[in-house]
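# Per-entry structural report
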Amino acid sequence: MIGEFSSVDRSYVFCLNDDQSLSNTHEWCAAGIPSFKDELQHVTREMIPWLYERLERGEIVHIPSVDAMPAEASLDQKELVREGIQSLITVPLVANQKVIGLVGFDSVDSKKVWSPEILNLMRFVGDMFTQALVFKRVHAALAEQERSMSTFMDNLQGYAYRCKNNMDWDLEFISPGCVLVTGYRPNDFMSGGVSFGKLIHPDDRQMVWDKVQEGLARKGPFTVQYRVRTRAGEEKWLWEQGCGVFDPEGNLLALEGIATDITQQQIYHKLLEESQERYRKLREAAFEGIVISQKGHIIDFDAQFETMIGYTVDELAGESAEKIIAPQSREDAMKRILSNYERPYTSTILCKDGREVPVEVCGKTISYHGDTARITAIRDISERYRAERE
């Protein structure tokens, strides 16, 4: 042990925490010497200001006699006396010009003066501890990165890959998620037994190739959606994003990226489009026009009402509804609109060409972009009026 070799009673390592406090992470004590490791956690600057200042400056601290410490070190002296220390050395641990902790040596049973040779040795010991701590942290960071990547791969609704830039997309690596997407195992692809390029739908192969080459040409990412045929014969949609990997000379080494199954999203999107198309056709076939207004002013209306009234939305947006109500119906209609009247009634609208058209009106108050608005269905009843007169 370093402590035994240095003929001290206690040796230890403190590491700097994210909050800039110090914690005792390792400690060795000679027989009969008490340990303070558990107590010395998150030691703040305020507890040992004199020692902390010298640590920040990267100085070795050599105290042959704690009793003879200067007056400005009274708080530090009190703590050292509490720990039974008579003499000590602390050596800063510095990595990349940044203090990351310290290694210390205490003499408890007697006062001790360390020679310059020993102090130089202690600095060398500090460098060894620094290298060990840095290695440990790098190893822990790499292990965490590997664990995080493994978790990401396990939870990815798809797979990650590395492949050659050819029409077969020869795979050098593909994560296990490919089994759920394609039905094939990673080794099926990486052994060359299965060509990923041949799984791509024939109608999509050239499009995928072109998209990837466009991204490579600008040395940027590429994104593409395409269909594949699985081992079970199913057709699935994939969304893929990747980029080229280049060497320092700019030569392409491989492609890397991720792909995820978006088959369900494509199905939902298609159903939504079909639903919207059906709704559009129903609206076009309806006899009613729809108008949205706020406080008696027109905000929007549909194509059916545009055909009925002769105005476009841009011509009437923001205008008072009075503009499209015939004079003889204006007062009654505006009263119903502004009072949020919700029962059907008849009125007469005034078209852009001056025609007056009898209509049946029914309005309702709705929530609209965080406010309230009135949606009104307007039905042309001209034919009914003519039939009644006949």
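Just above, that's the structure.
The structure contained in this document is the topic of the report that follows. In this text, all values refer to a predicted model and were calculated from it rather than measured experimentally. (Residues numbered from 1 in each chain as written. Predicted model: local features only at pLDDT ≥ 70, side-chain atom pairs only at ≥ 80, totals over all residues. Heavy atoms only, no water.)

### Observations concerning the overall build of the protein chain
The following threshold applies: To qualify as a helix, a DSSP run of H or I must reach at least 4 residues; to qualify as a strand, a run of E must reach at least 2; elements of each kind are numbered from the N terminus. Each residue is assigned to one of three classes by its accessible area relative to the maximum for its type, calculated with a 1.4 Å probe on protein chains only: buried under 20%, partly exposed between the two thresholds, exposed over 50%. Throughout, a contact is declared for two residues whenever any of their heavy atoms are within 4.5 Å. Using a 1.4 Å probe, the Shrake-Rupley method yields the accessible areas, and only the shown protein chains count as cover for residues.
Per the secondary structure count, the protein chain includes 13 helices and 15 strands. Looking at the protein chain as a whole, 40% of its 390 residues qualify as buried. Here the contacts in the protein chain between residues at least 6 apart in sequence split such that 46% fall between residues at least 24 apart. Carbon and sulfur atoms form 53% of the exposed surface of the protein chain, whose accessible area is close to 22,800 Å².

### Topic: a nonpolar patch on the surface
Rules: Residues form patches when they are more than 30% accessible in relative terms and have no salt bridge. Like charges link within 9 Å. Nonpolar side chains (Val, Leu, Ile, Met, Phe, Trp, Tyr) link within 5 Å. For salt bridges, the criterion is a side-chain nitrogen of Lys or Arg within 4 Å of an Asp or Glu carboxyl oxygen.
There is a patch of nonpolar side chains on the surface, built from Ile267, Tyr268 and Leu271 and spanning about 310 Å² of accessible area. As for its placement among the helices and strands, tyrosine 268 is situated in helix α9 (residues 263-285). Its relative accessible area of 53% is what places tyrosine 268 among the exposed residues.

### Focus on the nonpolar core
How we decide: Buried Ala, Val, Leu, Ile, Met, Phe, Trp, Tyr and Cys residues form a nonpolar core when they are joined through side-chain atoms within 4.5 Å.
If you look at the biggest cluster of nonpolar residues, it comprises 24 residues, and the most contacted ones within it are Tyr159, Tyr161, Trp169, Phe189, Phe196 and Tyr226. Among the elements that take part in this core, strand β8 (residues 222-229) stands out by supplying four residues, more than any other. The contact partners of tyrosine 226, leaving out residues within four places of it in the chain, are Tyr159, Phe196, Ile200, Asp204, Met207, Val208, Lys236, Trp237, Leu238 and Glu240. Counting residues in hydrophobic clusters, the runner-up holds 22 residues, among them Trp50, Leu80, Ile85 and Leu88.

### Looking at the side chain of threonine 263
Along the chain, the position of threonine 263 falls in helix α9. Setting aside residues no more than four positions away along its own chain, threonine 263 makes contact with Glu235, Lys236 and Trp237.

### Examining the sheet that holds strand β6 (residues 158-163)
Rules: By the convention used here, strands pair only if DSSP detects at least 2 bridges between them. Axes, fitted as lines to C-alpha atoms, cover a helix only where it is in contact. Angles between the N-to-C directions of the axes lie from 0 to 180 degrees.
Taking strand neighbours across the sheet as the criterion, the five strands line up as β7-β6-β10-β9-β8 in an open arrangement whose pairing is antiparallel. Each end of this open sheet is capped by a strand with a single partner; those strands are β7 (171-174) and β8. The average angle at which neighbouring strand axes cross in this sheet is 25°, direction not considered. Helix α8 (residues 205-217) rests against β8, β9 (235-246) and β10 (252-261) of the sheet, and its axis sits at about 160° to β8.

### Here we look at the environment of threonine 90
With respect to the helices and strands, the residue threonine 90 is situated in strand β4 (residues 87-95). Once the C-alpha coordinates of threonine 90 and glycine 126 are considered, the two residues, 36 residues apart in sequence, prove to be 9.1 Å apart.

### Examining the packing of aromatic side chains
Note the cut-off: By convention, a stacked pair of Phe, Tyr or Trp rings (six-membered ring in the case of Trp) has centres within 6.5 Å and planes under 30 degrees apart, an edge-to-face pair has planes over 60 apart, and any other such pair is tilted. Two thresholds decide whether a charge sits over a ring: the Lys NZ or Arg CZ must be within 6 Å of the ring centre and within 35 degrees of the ring normal.
Counting across every chain of the model gives seven aromatic pairs. The interplanar angle of 70° and the centroid separation of 6.3 Å between the aromatic rings of tyrosine 159 and phenylalanine 196 together place this pair among those described as edge-to-face. In this pair, tyrosine 159 is assigned in strand β6 and phenylalanine 196 in helix α7 (residues 196-199), connecting sequence segments 37 residues apart. As far as burial versus exposure is concerned, tyrosine 159 and phenylalanine 196 are alike and both buried. Ring pairing ties together the aromatic residues Tyr159, Tyr184, Phe189 and Phe196, which thus form one cluster. The ring of tyrosine 341 carries arginine 336 above its face, with NZ or CZ at 4.7 Å from the centroid.

### A closer look at unusual backbone geometry
If you check the backbone angles, histidine 42 has positive phi at about 55° while not being a glycine. When you line up the elements, histidine 42 lands in the loop between β2 (22-29) and α2 (49-56). For tryptophan 169, which is not glycine, the phi torsion reads 50° and is therefore positive. On the secondary structure map, tryptophan 169 appears in the loop between β6 and β7.

### Details of the pattern of salt bridges
In this structure the tally under the stated criterion is 22 salt bridges. In this structure, the salt-bridge partner of arginine 231 is aspartate 188, at a minimum N-O distance of 3.6 Å. Pair noted here: arginine 231 is in the loop between β8 and β9 and aspartate 188 is in helix α6 (residues 186-190), with a separation of 43 residues, a long-range link. Here the residues in one salt-bridge network are Arg162, Lys164, Glu172 and Glu256, joined through shared partners.

### Description of the pairing of β9
Where β8 lies against β9, eight bridges are found, and the strand directions are antiparallel. When the bridges of β9 are listed, tyrosine 226 appears paired with leucine 238. As consecutive antiparallel partners, β8 and β9 are separated by five residues, and within that stretch glycine 233 has a phi angle of approximately 90°, a positive value. Hairpin remark: β9 followed by β10, antiparallel, with five residues in the connecting loop; positive phi at glycine 250, about 90°.

### So, the environment of cysteine 178
With respect to the helices, strands and loops of the structure, cysteine 178 is situated in helix α5 (residues 178-182). With a relative accessible area of 0%, cysteine 178 lands in the buried category. Separated by 17 residues in the primary sequence, cysteine 178 and tyrosine 161 have C-alpha atoms spaced 9.3 Å apart. When near neighbours in sequence (up to four residues on either side) are disregarded, cysteine 178 contacts Gly158, Tyr159, Gly183, Tyr184, Arg185, Pro186 and Phe189.

### Quick notes on the packing of α2 against helix α3 (residues 74-82)
Stated formally: An angle below 35 degrees is read as roughly parallel, one above 145 as roughly antiparallel, one from 65 to 115 as roughly perpendicular, and any other as oblique. Polarity classes work like this: nonpolar for Ala, Val, Leu, Ile, Met, Phe, Trp, Tyr, Cys and Pro, charged for Asp, Glu, Lys and Arg, and polar for all others, with Gly in that last group.
Where α2 contacts α3, the two axes come as close as 6 Å, and the packing angle between them is 105°. Between α2 and α3, the angle is such that the two are roughly perpendicular. Here Pro49, Trp50 and Leu51 of α2 lie close against α3, whose contacting residues are Leu75, Asp76 and Leu80. When the residues that make up the contact of α2 with α3 are grouped by side-chain class, the tally is five nonpolar, no polar and one charged.

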